[in-house]
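Architecture and fold: a report
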Amino acid sequence: MRALVIHAGVTFLVVIDPVGLAPIFASLMAGRSPEERRASALTGILVAAAVLYVFAFIGEQLLTALGVTLAAFRIAGGVLLFLVAIDMVLARQSGLRSTTSSEDEEAQKRHDVAVFPLAVPLIAGPGAIASVMLLMEEAEGSWLARGVVLGLLAAILLIGYVCLLIAGRIVGLLGVTGTNVVGRVLGIVLAALAVQFIIDGVLAAMTGSA
């Protein structure tokens, strides 16, 4: 159980990256009132939570309906998380954990950015969705373990909400360089976790256990 707590906690912290969300949120909400920022932060977190919890509960059934084995999803999820880790280590924006230029342009035209792009894809992006499904599969057979995974997800989302509320302070304290340094360190950790997901998937496929 302790290993699962550490694994899930670190994975959610790295993939959702609450500190890294701060400068993006500050940019999206430039010129908005404090009330609008708080409302957008709360809405974004709640919508992202809804998306992630839906995939947490029905993700396995969705894979079964599509004819995808859990071993295959472990491998695919690991590859996806590894690509996210590369983005973090190189401090680049590819669309996996950020918005594309066309999405940025659309977001600037919207009055409310809470659902898009804040909730999806900045918080509940492909990496976060893959992570929650993989971790719920890892905790299969134990409701306590699943409860721990869901509780840790809620805790990281709460941390994310706090970071959004104090985004201006975080940007002022860390700056762009500081934020990138934090992201690079977390990216190295995520790369190792991603490789482990791939190894587990390959072993499961070879032994026919999933």
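Residue positions are counted from 1 within each chain, in the order its sequence is given. Confidence filtering applies because this is a predicted model: local features only for residues at pLDDT of at least 70, side-chain atom pairs given and counted only at 80 or more, and all residues used for totals across whole chains, interfaces and linings. The basis for every side-chain value is the complete set of heavy atoms in the structure, and neither hydrogens nor water enter the calculation.

Time to look at the side chain of Thr-11. Helix and strand assignments follow DSSP, with helices taken as H or I runs no shorter than four residues and strands as E runs no shorter than two, numbered in order from the N terminus. Position of Thr-11 relative to the elements: it lies in helix H1 (residues 2-16). In this structure Thr-11 comes out as buried when scored by relative accessible area, which is 0%. Reaching out from Thr-11, the side chain makes a polar contact with the backbone oxygen of His-7 at a distance of 2.7 Å. We call two residues in contact when some of their heavy atoms are within 4.5 Å. In contact with Thr-11, other than residues within four places in its own chain, are Ser-131, Leu-135 and Leu-193. With a 1.4 Å probe rolled over the protein chains alone, any residue whose accessible area is under 20% of its type maximum counts as buried; one over 50% counts as exposed, and the rest are partly exposed. What qualifies as a polar contact is a pair of N or O atoms within 3.5 Å, subject to a donor-acceptor requirement within protein and to the restriction that residues adjacent in sequence count only when both atoms come from side chains.

Most of helix H6 (residues 114-123) sits out of view: 8 of its 10 residues are buried. The complete set of buried residues in H6 reads Ala-114, Phe-116, Pro-117, Leu-118, Ala-119, Pro-121, Leu-122 and Ile-123.

A few words on the nonpolar core. Remark: nonpolar core denotes a set of buried residues (Ala, Val, Leu, Ile, Met, Phe, Trp, Tyr, Cys) joined through side-chain atoms within 4.5 Å. Core analysis: the biggest nonpolar cluster contains 57 residues, and Phe-12, Ile-16, Leu-52 and Leu-157 have the highest contact counts within it. At the level of elements, H1, helix H2 (18-28), helix H3 (34-66), helix H4 (70-90), H6, helix H7 (126-138), helix H8 (143-165) and helix H9 (167-207) are the ones that each hand at least two residues to this core. A per-element tally of this core places H8 first, with 10 residues. In contact with Ile-16, not counting residues within four places along its chain, are Leu-21, Leu-52, Ile-123, Ala-128, Leu-153, Ile-156 and Leu-157.

Should a side-chain nitrogen of Lys or Arg be within 4 Å of a carboxyl oxygen of Asp or Glu, the pair is scored as a salt bridge. Evaluated as defined, the whole model comprises 3 salt bridges. One salt bridge connects Glu-35 with Arg-38, and the closest N-O pair in it is separated by 3.7 Å. Remark: Arg-38 and Glu-35 occur in helix H3; sequence separation between them is 3 residues, near one turn of the helix. Note that Glu-60 is salt-bridged to Arg-146, the shortest N-O span being 3.9 Å. Note that Glu-60 is positioned in helix H3 and Arg-146 in helix H8, a separation of 86 residues in sequence. Overall, Glu-60 belongs to the partly exposed group, its relative accessible area being 28%. By relative accessible area, Arg-146 is classed as buried at 19%.

Here we take up the environment of Thr-207. Topologically, Thr-207 is positioned in helix H9. Residue classification places Thr-207 among the exposed positions, given a relative accessible area of 61%. A polar side-chain atom of Thr-207 sits 2.9 Å from the main-chain carbonyl oxygen of Leu-203. In this structure the side chain of Thr-207 is engaged in a polar contact, spanning 3.3 Å, whose partner is the backbone oxygen of Ala-204.

Taken together, Phe-82, Val-195, Ile-199, Val-202, Leu-203 and Met-206 make up a surface patch of nonpolar side chains, about 520 Å² in accessible area. The dominant element in the nonpolar patch, judged by the number of residues it contributes, is H9, at 5 residues. Residues form patches when they are more than 30% accessible in relative terms and have no salt bridge. Like charges link within 9 Å. Nonpolar side chains (Val, Leu, Ile, Met, Phe, Trp, Tyr) link within 5 Å. All accessibility values rest on the Shrake-Rupley procedure with a 1.4 Å probe; residue burial counts only the protein chains present in the view.

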